[in-house]
Amino acid sequence: MMEKLLALSEPMKIIVIGGSGETGQRIQKYLQHRYPGLLLASASRQKPDFLPDGIHYQPLDLMDEMATVDCLQHYDLAVIASGPMEKLKVLPHRLCLQAGLDCIDVNDSMIAAEAVLALHEQALEKRCLILTGMGLSPGISSLMLTNLAGENPSSQGLYRSRLYMGAAYGGGKTSPYSMLANFSRRIDILKDGKRQTITTPWKKGPYRFHFPGHRKPFAMIPYGTPE
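Just so you know, these numbers come straight off a predicted model, no measurement behind them.

Enquirer: What should I look at first to understand the packing of helix α3 (residues 65-72) against helix α5 (residues 91-98) in this one?
Expert: When two helices pack together, their arrangement is captured by the angle between the axes and the distance separating the axes. Following both chains from N to C, one finds α3 and α5 inclined at 55°, their axes separated by 8 Å at the closest point. Considering their axes alone, α3 and α5 lie oblique with respect to each other. With respect to the hand of their crossing, α3 and α5 are arranged in right-handed fashion. Taking contact as the criterion, the partners of Glu65, Thr68, Val69 and Leu72 in α3 are, on α5, Leu91, Arg94, Leu95, Cys96 and Gln98. Looking at the contact of α3 with α5 residue by residue, the classes come out as 5 nonpolar, 2 polar and 2 charged.

Enquirer: Where do I start with the sheet that holds strand β5 (residues 102-105) in this structure?
Expert: Strand pairing in a sheet is mediated by backbone hydrogen bonds. Such pairs are either parallel or antiparallel. Judged by pairing direction, the sheet is parallel, and its 6 strands sit side by side in the order β3-β2-β1-β4-β5-β6 without closing on themselves. Whereas interior strands pair on both sides, the edge strands pair on one side only; in this sheet they are β3 (55-59) and β6 (130-131). As paired elements, strand β1 (residues 13-17) and strand β4 (residues 77-80) share 4 bridges and run parallel to each other. Looking at β4, one finds that Val16 is bridged to Val79.

Enquirer: Is there a simple way to think about the nonpolar core in this case?
Expert: One broad rule of soluble globular proteins: the nonpolar side chains tend to lie buried together. Within the largest apolar cluster, 26 residues are counted, with the highest numbers of intra-cluster contacts made by Ile15 and Leu72. Where this core is concerned, the elements lending two or more residues are β1, β2 (39-44), α3, β4 and α5. Apart from the residues lying within four places of it in its own chain, the contact partners of Leu72 are Ile15, Ile17, Leu95, Cys96, Ala99 and Leu101. Formed by 18 residues, the second largest nonpolar core is a distinct cluster that contains Ile14, Leu38, Tyr57 and Val106.

Enquirer: Explanation requested: the pattern of salt bridges in the structure shown.
Expert: Side chains that differ in sign of charge can pair as their charged atoms come close. For the structure on display, the rule yields 2 salt bridges. Ionic pairing is found between Glu22 and Arg26, a salt bridge with its closest N-O pair at 2.9 Å. In this pair, Glu22 and Arg26 both sit in helix α2 (residues 22-34), 4 residues apart, roughly one turn of the helix. A residue is classified by how much of its surface remains accessible, and Glu22, at 30% relative accessible area, is partly exposed.

Enquirer: So what exactly am I meant to see when it comes to α3 here?
Expert: Note: α-helices contain 3.6 residues per turn, so residues at a spacing of three or four share the same orientation. Where α3 is concerned, the buried positions are Thr68, Val69, Cys71 and Leu72. All buried residues of α3 project into a common sector of 160° when viewed along the axis, lining one side. The secondary structure elements touched by the buried residues of α3 are β1, β3 and α5.

Enquirer: Whenever I open this one, the environment of Ile17 confuses me. Can you help?
Expert: Counting through the fold element by element, Ile17 comes out in strand β1. Expressed as a C-alpha distance, the spacing of Ile17 and Asp105, which sit 88 residues apart in the sequence, is 9.3 Å. Apart from residues lying up to four places away in sequence, Ile17 is in contact with Ala43, Leu60, Leu62, Leu72, Ala78, Val79, Ile80, Ala81 and Ser82.

Quick notes on the rules
Residues numbered from 1 in each chain as written. Predicted model: local features only at pLDDT ≥ 70, side-chain atom pairs only at ≥ 80, totals over all residues. Heavy atoms only, no water. Axes fitted to C-alpha atoms, helices over the stretch in contact; angles between N-to-C directions. Helix = DSSP H or I, 4+ residues; strand = E, 2+ residues; numbered from the N terminus. Parallel < 35°, antiparallel > 145°, perpendicular 65-115°, else oblique. Left-handed = near helix turned anticlockwise from the far one by under 90°. Contact = heavy atoms within 4.5 Å. Nonpolar A, V, L, I, M, F, W, Y, C, P; charged D, E, K, R; others polar. Pairing = 2+ DSSP bridges. Core = buried A, V, L, I, M, F, W, Y, C linked by side-chain atoms within 4.5 Å. Buried < 20%, exposed > 50% of the residue type's maximum accessible area, 1.4 Å probe, protein only. Salt bridge = Lys/Arg side-chain N within 4 Å of Asp/Glu carboxyl O. Arc of directions from axis to C-beta.

In structure tokens:
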């Protein structure tokens, strides 16, 4: 999708909704580094203390729906990095649809993911693309994994990924809720496009990983993320 949009005759304009947050800042830095020709806007209710050169601040309050739709109409793509998604659900996605704008999010909420999937028919009518649950580190990890899979295709068409969350990464204000949700006997997952509740597979083979430099494998925490 990025390569197609970058082929436009004019510079592509991307607005990062929630750009002042931890994840939003990382996404902006990644996009600016990877695609220096982009016109980037960091959108939030309050202007952040610091913005890198080349990134424009865009005042935006999602609760003011008319003003938000008017603002979004001036962009080619919206990256939704605001939260918590349990509260916002599909509000930013719905406003993007009204503006006729493609959007991509880094949603970590299963409830929000189901609500986003329910917008499928509306997105088809508007000819808009919505991508949800697209990564946490640095915010578009799933797209980068897709690029990697394209360069090294599996003969069986099967790919697996592991996500590790360490103490060195500060995370945003909503990160602890996402992690603590997995300390339960049952977790929700998306499989074959449907939500399923499974028994948390603690200490089973697939959830043990042998890190280089350690003698024994470590038990991993099953992560019930929409990604």
